[in-house]
Amino acid sequence: MSEKVNMKGKALLALSDLSDEEVLYLIDLSSKLKEKKRSGVRDCLLAGKNIALVFEKSSTRTRCAAAVAAADEGCHAEYLASHDIHFGKKESVADTARVLGRMFDGIFFRGYEQSTVEIFAEKSGVPVWNGLTNESHPTQTLADLLTVKERFGRLQGLKLVYIGDGRNNVANSLMLGCAKTGVNYVNCTPSELSPGKDLVSMASDLASKNGSTISIERNPDSAVKGANIVYTDVWVSMGEEDKREERIRLLKPYQVTMDLMRGTGNMESGELIFLHCLPAFHDFNTEVTKETGAMEVTDEVFESEFSRVFDQAENRMHTIKALFVASML
Ligand code: CP
Ligand code: NVA
């Protein structure tokens, strides 16, 4: 562990919990752990530890990433779907947190309210990691930054354009992640879906300290000019299904197409990638896209040479592993 960075016992409830140095440290540690796994070394840094994965919402990547990350380092991960335990029904969140804290060395939580993950952190007495809430998705951002760093060899000075639902969990955490690492972040979204003013102001202050900028734009064509990373997410997040029609109406003009990628001016330079946290709607032939028309990226872009979405998905595991190691070792 670097002398300057000591994260033992630390919770990650939102990206704002991490200092700039801690973000860079976790990205670096993730690369090292990734390399270690590739070279076949199994030294079980977390042998004897137990963590609980408490999930209120569905998950493929985050759940599997946490389970494999733990197993790789000799740690046992117990998956607890919230509907399978007494959580919030026969027992308060605070009591569940106190019970789990007596048995586990850490708790990874995915759910709805940010306040729930905060109660876990306050009451459990062990490190708590946010695996997605309505407001934030900090472990996603760590994987995003690792993917960018691997592709470009740097973060500072790049331009990332997030296009779509500008106020969702992924967009919020990514804004802070870019600000903390000197990436210029553009959030391109209709006015109805603008990110919160306080968040933008916090991110702008952090960014200016790191020589980058945060901006909000409405027009996709002008927003993407000079972009190195074009990033999108679903138009309707988990728990917002009743907003589907309105979102499709607002976000249709914000679909990521090959024309939009071309508009970056970086297609020929090789300095351009497409990212998506996944799961993605990218194919007209799925049930949902056929029925609703909700499709944030075309298949052409999703399957193109620019797309790094599966590297990004794999990196969920390496970055979550780094977080576990840094806060439990
Ligand atoms: N990106 C992400 O969090 O995916 P899951 O919902 O599958 O965990
Ligand atoms: N914004 C999406 C991210 C899924 C990983 C959601 O919350 O559903």
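Here is a short report on the structure shown in this document. (Residues numbered from 1 in each chain as written. Chains lettered and ligands numbered in written order. Predicted model: local features only at pLDDT ≥ 70, side-chain atom pairs only at ≥ 80, totals over all residues. Heavy atoms only, no water.)

**Overview of the sheet that holds strand β2 (residues 76-81)**
Here four strands make up an open sheet; going across it, the order is β2-β1-β3-β4 and the pairing parallel. Every interior strand has two partners, whereas the edge strands, β2 and β4 (128-130), have only one. Taken over all neighbouring pairs, the strand axes of this sheet differ in orientation by 20 degrees on average, direction set aside. Across six bridges, the pairing between strand β1 (residues 50-55) and β2 is parallel. Across the sheet, residue I51 finds its bridge partner in β2, namely A77. Relative to β4, helix α4 (residues 114-124) is tilted by about 165 degrees, and along the sheet it contacts β1, β3 (106-110) and β4. (Pairing = 2+ DSSP bridges. Helix = DSSP H or I, 4+ residues; strand = E, 2+ residues; numbered from the N terminus. Axes fitted to C-alpha atoms, helices over the stretch in contact; angles between N-to-C directions. Contact = heavy atoms within 4.5 Å.)

**Some remarks on the site of ligand 1**
Around ligand 1 sit S59, T60, R61, T62, R110, H137, Q140, C277, L278 and R316, and those are all the residues in its vicinity. In isolation ligand 1 offers 260 Å² of accessible surface; the protein chains occlude 95% of this area. Of the residues in the shell around ligand 1, the class split is two nonpolar, five polar and three charged. (Near = heavy atom within 4 Å. Areas by Shrake-Rupley, 256 points an atom, 1.4 Å probe, with all protein chains shown as cover. Nonpolar A, V, L, I, M, F, W, Y, C, P; charged D, E, K, R; others polar.)

**Digging into the site of ligand 2**
In the vicinity of ligand 2, the residues found are L132, N168, N169, V170, D233, V234, S237, M238 and L278. N169 places a polar side-chain atom, nitrogen or oxygen, 2.8 Å from an oxygen atom of ligand 2. At 2.7 Å from a nitrogen atom of ligand 2 is found a side-chain nitrogen or oxygen belonging to D233. Residue composition of the shell around ligand 2, by class: five nonpolar, three polar and one charged. (Polar contact = N/O pair within 3.5 Å; in protein donor to acceptor, adjacent residues only side chain to side chain.)

**Notes on a negative patch on the surface**
On the surface, D17, E113, E118 and E135 cluster together into a negatively charged patch. When you line up the elements, E135 lands in the loop between β4 and α5 (138-152). (Patch = residues over 30% accessible without salt bridge, like charges linked within 9 Å, V, L, I, M, F, W, Y side chains within 5 Å. Salt bridge = Lys/Arg side-chain N within 4 Å of Asp/Glu carboxyl O. Lys, Arg positive; Asp, Glu negative; His and termini not counted. Charge placed at Lys NZ, Arg CZ, Asp CG, Glu CD.)

**A few points about helix α7 (residues 197-209)**
Here α7 contains 13 residues, and its C-alpha end-to-end distance of 19 Å stays within 8% of the 18 Å for a straight helix at 1.5 Å per residue. Turning to α7, its buried residues number three or more, namely L199, V200, A203, L206 and A207. Seen end-on, α7 carries its buried residues on one side only, within an arc spanning 130 degrees. Turned more than 90 degrees away from the buried face of α7 sit K197, D198, D205, S208 and K209, all of them exposed. Each element contacted by the buried residues of α7 is listed here: α1 (20-38), α6 (169-181) and β7 (214-217). At the C-terminal side of α7, G211 shows a positive phi close to 75 degrees. (Expected span 1.5 Å × (residues − 1). Buried < 20%, exposed > 50% of the residue type's maximum accessible area, 1.4 Å probe, protein only. Arc of directions from axis to C-beta.)

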